[in-house]
Amino acid sequence: MSVILVTGGAGFIGSNFILSELRRRDDVRIVNLDCLTYAGNPMNLAGLRGDSRYLFIHGNIGDGCWLRNLFERYRPEAVVNFAAETHVDRSILGPEPFVRTNVMGTCCLLEEARCYWESLPASGRKAFRFLHISTDEVYGSLKLDSPPFTEENPFAPNSPYSASKAAADHFVRAYGHTYGLPTLTTNCSNNYGPRQFPEKMIPLMILNALEGKALPVYGDGRNVRDWLFVEDHCDALHRVLTHGRPGETYNIGGHCEKTNLEVVTTICRMLDAIRPKAPRVPHESLITFVEDRPGHDLRYAIDSSKIEREVGWTPKETFETGLERTIRWYIENPAWVAAARSGDYHVWIKRQYAAQ
Ligand code: NAD
Ligand code: TYD
């Protein structure tokens, strides 16, 4: 049995990754270290209760002693680091937790991984991987007619969130370069799919529309994002982990650039078809333009040719099929939605959208 230490596995992408790895192979044990912030939801992995291949550990990537014990006890062959503060709007209101987890937490995890890795025999050192999950936002913002980001683009992060992720990416690179730790970094575009915390645009719009609430589009809605279905992302991560070259970074995108307004109107039209008798049909009538996000990046776009060429990955889901699966998942999982919206969710929504 090989052991993978996943961090932040109770969140959106991490939980989808754990589920997909355990579906894919029997010879793996996953230890999930997560401190369960507001975005971490144990319900995401409730289906694994009783599965001896899965172990949840409540802990923080910034706690070195704890990490040392974990490495000694479970002796992982790989670390996959998803743990992060992830919402740009929250980073604008308060950057400090982003520095603490995304920068200092990642450094702490790297340092403990290095100490453990250096204690391994040569064959173990060669096989070990540290896969760090990052974002396309580290590259900054593109003009509408600029070519998409390649791995060669210089970093130019614009938000406190992307600055913290860029800092972490630099440390990962430095640990690979200085100590030879076999690191891999992936920079992906905006994910969507089941289990995404409903502060992010797509689940927020789906749930608001289902409840006949306003759909708050920032600015003029012309900002462009590339959308990647989370299962395609997990497939890409598996391939990078097994076939990626240590020391390299890989961009991961969905070949799916859309303006925010296009995304929201597509959600509305799908809901018109799924719920034709809803009181607010057409759902587009709920769209409300609200004050723009400060420093709002105009466009992100990904050139994924390196990962396609080197590890043979391409996304499978179309935006229409992926979005329909996502909408149906939120409709079919009201208990999950209720749990996600407990805690301080309503406080956040009130604070963020107070001006409307
Ligand atoms: P998420 O916010 O849904 O989940 C983050 C998880 O990390 C939660 O379970 C949380 O409890 C855990 N966590 C936070 N701080 C921690 C700490 N100090 N120690 C241990 N656990 C901690 O995030 P996500 O959307 O699943 O994103 C996962 C990773 O992918 C992040 O690194 C993010 O930057 C990156 N990413 C996400 C997207 C996206 O569209 N969601 C796009 C690009 C990159
Ligand atoms: P988000 O899901 O927060 O991801 P990111 O900021 O990491 O790209 O936002 C996606 C896009 O949607 C972004 O351009 C901001 C916009 N947006 C809205 O227009 N309204 C909203 O209520 C939210 C949360 C986001």
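Heads up: the structure comes first, above all this text.
Each chain carries its own residue numbering, running from 1 in the written order of its sequence. Chains and ligands are labelled by the order in which they are written, letters from A for the one and numbers from 1 for the other. Since the coordinates come from a predicted model, pLDDT governs what is reported: local features require at least 70, and pairs of side-chain atoms require 80 or more to be given and counted, while whole-chain, interface and lining totals use all residues. Note that the side-chain values use all heavy atoms of the structure and ignore hydrogens as well as water.

Neighbouring residues are identified by heavy atoms, a residue being near a molecule or strand if any of them is within 4 Å of it. With respect to spatial proximity, 18 residues lie near ligand 2, and among them Glu137, Pro216, Arg293, His296 and Tyr353 are the closest. Polar contact criterion, stated in full: a pair of N or O atoms within 3.5 Å, where within protein one must be able to donate a hydrogen and the other to accept it, and residues adjacent in sequence count only if both atoms are side-chain atoms. In this structure, Asn260 approaches ligand 2 through a side-chain N or O atom, which is 2.9 Å from an oxygen atom. Here an oxygen atom of ligand 2 and a side-chain polar atom of Arg293 are 2.5 Å apart. Each accessible area is a Shrake-Rupley estimate made with a 1.4 Å probe; only the visible protein chains count as cover when residues are assessed. With the chains in place, 97% of the 510 Å² that ligand 2 exposes on its own is no longer accessible.

The subject of this paragraph is the environment of Thr106. Relative to the helices and strands, Thr106 resides in helix H4 (residues 96–118). Every residue in contact with Thr106, bar those within four places of it in the chain, is listed here: Ile61, Asn81, Thr101, His132, Ala168 and Val172. In terms of polar contacts, Thr106 uses its side chain to reach the backbone carbonyl oxygen of Asn102, at 2.7 Å. Numbering of helices and strands runs from the N terminus, with a helix taken as a DSSP run of H or I at least four residues long and a strand as a DSSP run of E at least two residues long. Two residues qualify as a contact provided that any one of their heavy atoms is within 4.5 Å of a heavy atom in the partner residue.

Within the secondary structure, Ala156 sits in the loop between strand S5 (129–135) and helix H6 (160–179). When the C-alpha atoms of Ala156 and Pro294 are compared, they prove to be 16 Å apart, with 138 residues separating the residues in sequence. Beyond its immediate chain neighbours, meaning those up to four positions away, Ala156 contacts Val138, Tyr139 and Gly140.

With eight of its 10 residues buried, helix H7 (residues 201–210) lies for the most part within the structure. For H7, the full list of buried residues reads Ile202, Pro203, Leu204, Met205, Ile206, Leu207, Asn208 and Ala209. Where H7 ends, the next residue or the one after it, Gly212, has phi of about 70°, a positive value. With a 1.4 Å probe rolled over the protein chains alone, any residue whose accessible area is under 20% of its type maximum counts as buried; one over 50% counts as exposed, and the rest are partly exposed.

Let's shift gears to the pattern of salt bridges. Only one rule defines a salt bridge in this text: a Lys or Arg side-chain nitrogen within 4 Å of an Asp or Glu carboxyl oxygen. Under the criterion given, the structure shown has 27 salt bridges. The residue Arg25 makes a salt bridge to Glu21 at a minimum N-O spacing of 3.5 Å. Residues Arg25 and Glu21 agree in their burial class; the two are buried. Between Arg325 and Glu317 there is a salt bridge, with the nearest N and O atoms lying 2.9 Å from each other. For Glu317, a relative accessible area of 21% puts it in the partly exposed group. Look at the salt bridges and you will find they share partners, linking Glu21, Arg24, Arg25, Asp27, Asp235, Arg239 and Lys316 into a network.

Below, the discussion takes up the packing of helix H2 (residues 64–74) against H4. Between N-to-C directions, angles span 0 to 180 degrees; the directions come from axes that are lines fitted to C-alpha atoms, helices contributing only their stretch in contact. Following both chains from N to C, one finds H2 and H4 inclined at 35°, their axes separated by 10 Å at the closest point. Crossing of H2 against H4: the hand is right-handed. Here Gly64, Leu67, Arg68, Phe71 and Glu72 of H2 lie close against H4, whose contacting residues are Cys108, Leu109, Glu112, Ala113 and Tyr116. Partitioning the contact of H2 with H4 into residue classes produces six nonpolar, one polar and three charged. Left-handed is the label given to a crossing in which the near helix is rotated counterclockwise from the far helix by less than a right angle, and right-handed is the label when the rotation is clockwise. Under the grouping applied here, Gly and all other residues not named as nonpolar or charged are polar, the nonpolar ones being Ala, Val, Leu, Ile, Met, Phe, Trp, Tyr, Cys and Pro and the charged ones Asp, Glu, Lys and Arg.

What follows concerns the sheet that holds strand S1 (residues 2–7). One requirement defines pairing of two strands: DSSP has to find at least two bridges between them. Spatial ordering of the open sheet is given by S3-S2-S1-S4-S5-S6-S10, a layout of seven strands whose pairing is parallel. The open sheet terminates on both sides in strands that have one partner only, identified here as strand S3 (54–58) and strand S10 (249–252). Along the sheet, successive strands turn relative to each other by an average axial angle of 20°, direction set aside. Packed on one face of the sheet, H6 meets S5 and strand S6 (183–188) and runs near 155° to S5. Packed onto the sheet, helix H8 (residues 230–243) meets S1, strand S4 (78–81), S5, S6 and S10 and runs at close to 145° relative to S5.

Let us now look at the sheet that holds strand S11 (residues 257–259). Strand order across the open sheet formed by three strands is S7-S9-S11, with mixed pairing between neighbours. With partners counted over all chains shown, the strands left at the sheet margins are strand S7 (190–192) and S11, one partner each. On average, adjacent strands in this sheet sit at an angle of 50° to one another, irrespective of strand direction. Judged from the three bridges that link them, strand S9 (residues 224–229) and S11 form a sheet pairing that is antiparallel. Looking across to S11, one finds that Arg225 is bridged to Lys258.

Further remarks concern unusual backbone geometry. Looking along the chain, the bond that leaves Val281 and enters Pro282 is cis, with omega of -5°. Even without being glycine, Leu36 reaches a positive phi, approximately 55°. When you line up the elements, Leu36 lands in the loop between strand S2 (28–34) and S3. Overall, the relative accessible area of 29% leaves Leu36 in the partly exposed class.

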